[in-house]
Amino acid sequence: MEKEIYRDCQRNHACSLGGYVIDGCTEFIQGNSISSTHCEACGCHRNYHRKVLVIDLEKSTDGKPFMNLREAKRMARQRGVVVPPPPSTSDEVKVKQRKSKFSPEQKEAMREFAESLGWSMRNKSRHEEINGFCERIGVSRLTFKTWLNNNKKCYLKGTATAACEAENSAP
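- As named in an unreviewed UniProt entry, the chain is ZF-HD dimerization-type domain-containing protein, taken from Hibiscus syriacus.
- Checking UniProt for the chain, the heading Subcellular location (unreviewed entry) contains the comment "Nucleus".

Structure (structure tokens):
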């Protein structure tokens, strides 16, 4: 069973001045009449207050009591009620992207080819040549492009820095 309740007022009272000010009303307080739609505390209409759907956790739709909070959240999602995302569990395995490893021969071939390209892959007329080179050394075009962009600063000036040489000499 779901019930709507209205929480803090979100009305911007300084909108006409170009600012953002809310009045601090933390909960909608209904007026004396049953059909009252204005808050007794701040005077704003009910639609300015944040609406929250509350689920009766005592009984589900089929009359059985909930076994745990996970079951309650599952049922709320089925009904379309917005619930906060569950905290990540150890069941979820995050797959880390594998870092490309290049042999010294591949690195040297890519460096020489990048120098012949002028450290840029923008030349459309050399598209087939670049694809052929990538197939020959066994890397994808995207991997070569990434390597070229990551190593451009190291080799463009003609002398590799110590950090670039250490990174390129690692297996």
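### Details of the overall build of the chain
And step 1. Helix and strand counts for the chain stand at five helices and two strands.
And step 2. For the chain, the N- to C-terminal ordering of α and β elements is β-β-α-α-α-α-α.
And step 3. In the chain, the share of contacts with a sequence separation of at least 24, taken over all contacts with a separation of at least 6, comes to 44%.
And step 4. In the form shown here, the chain has an accessible surface area of approximately 13100 Å², with 53% of it arising from carbon and sulfur atoms.

### Some remarks on helix 2 (residues 104-117)
And step 1. The first and last C-alpha atoms of helix 2 sit 20 Å apart over 14 residues, in line with the 20 Å expected at 1.5 Å per residue.
And step 2. G118 occupies a position one or two residues after helix 2 and carries a positive phi of about 80 degrees.

### Observations concerning the environment of D8
And step 1. Secondary-structure assignment places D8 in strand 1 (residues 2-9).
And step 2. Counting along the chain gives 17 residues from D8 to C25, while the straight-line C-alpha distance between them is 5.7 Å.
And step 3. Beyond its immediate stretch of four places on either side in the chain, D8 contacts C25, T26, E27, Y48, H49 and R50.
And step 4. One polar contact links D8 to Q10, side chain to side chain, over a distance of 2.7 Å.

### A few points about the nonpolar core
And step 1. Formed by 17 residues in total, the largest nonpolar core has its most connected members in M110, I130, F133, F144, W147 and L148.
And step 2. Every element with two or more residues in this core is listed here: helix 2, helix 3 (127-137) and helix 4 (141-156).
And step 3. Here this core gets five residues from one element, more than from any other, and that element is helix 4.
And step 4. With sequence-adjacent residues up to four places away left out, F144 is seen in contact with M110, F113, A114, L117, M121, I130, F133, C134 and V139.
And step 5. The next biggest cluster of nonpolar side chains, apart from the first, holds six residues, and it includes Y6, C25, F28 and C39.

### Looking at the packing of aromatic side chains
And step 1. What the rule picks out here adds up to four aromatic pairs.
And step 2. Each ring, one from F113 and one from F133, has its centre 4.2 Å from the other, and the planes form 15 degrees; the classification is stacked. Residue F113 is found in helix 2, and its partner F133 is found in helix 3; the two are separated by 20 residues along the sequence.
And step 3. Judged by relative accessible area, F113 falls into the buried class, the value being 9%.
And step 4. Ring geometry for F113 against F144: centres 5.9 Å apart, planes inclined by 50 degrees, an arrangement best described as tilted. Pair noted here: F113 is in helix 2 and F144 is in helix 4, with a separation of 31 residues, a long-range link. We note that F113, like F144, is buried.

Calculation rules
Residues numbered from 1 in each chain as written. Predicted model: local features only at pLDDT ≥ 70, side-chain atom pairs only at ≥ 80, totals over all residues. Heavy atoms only, no water. UniProt positions renumbered as here; feature names shortened; annotations may be inferred. Helix = DSSP H or I, 4+ residues; strand = E, 2+ residues; numbered from the N terminus. Contact = heavy atoms within 4.5 Å. Areas by Shrake-Rupley, 256 points an atom, 1.4 Å probe, with all protein chains shown as cover. Expected span 1.5 Å × (residues − 1). Polar contact = N/O pair within 3.5 Å; in protein donor to acceptor, adjacent residues only side chain to side chain. Core = buried A, V, L, I, M, F, W, Y, C linked by side-chain atoms within 4.5 Å. Buried < 20%, exposed > 50% of the residue type's maximum accessible area, 1.4 Å probe, protein only. Phe/Tyr/Trp six-rings, centres within 6.5 Å; stacked < 30°, edge-to-face > 60°.

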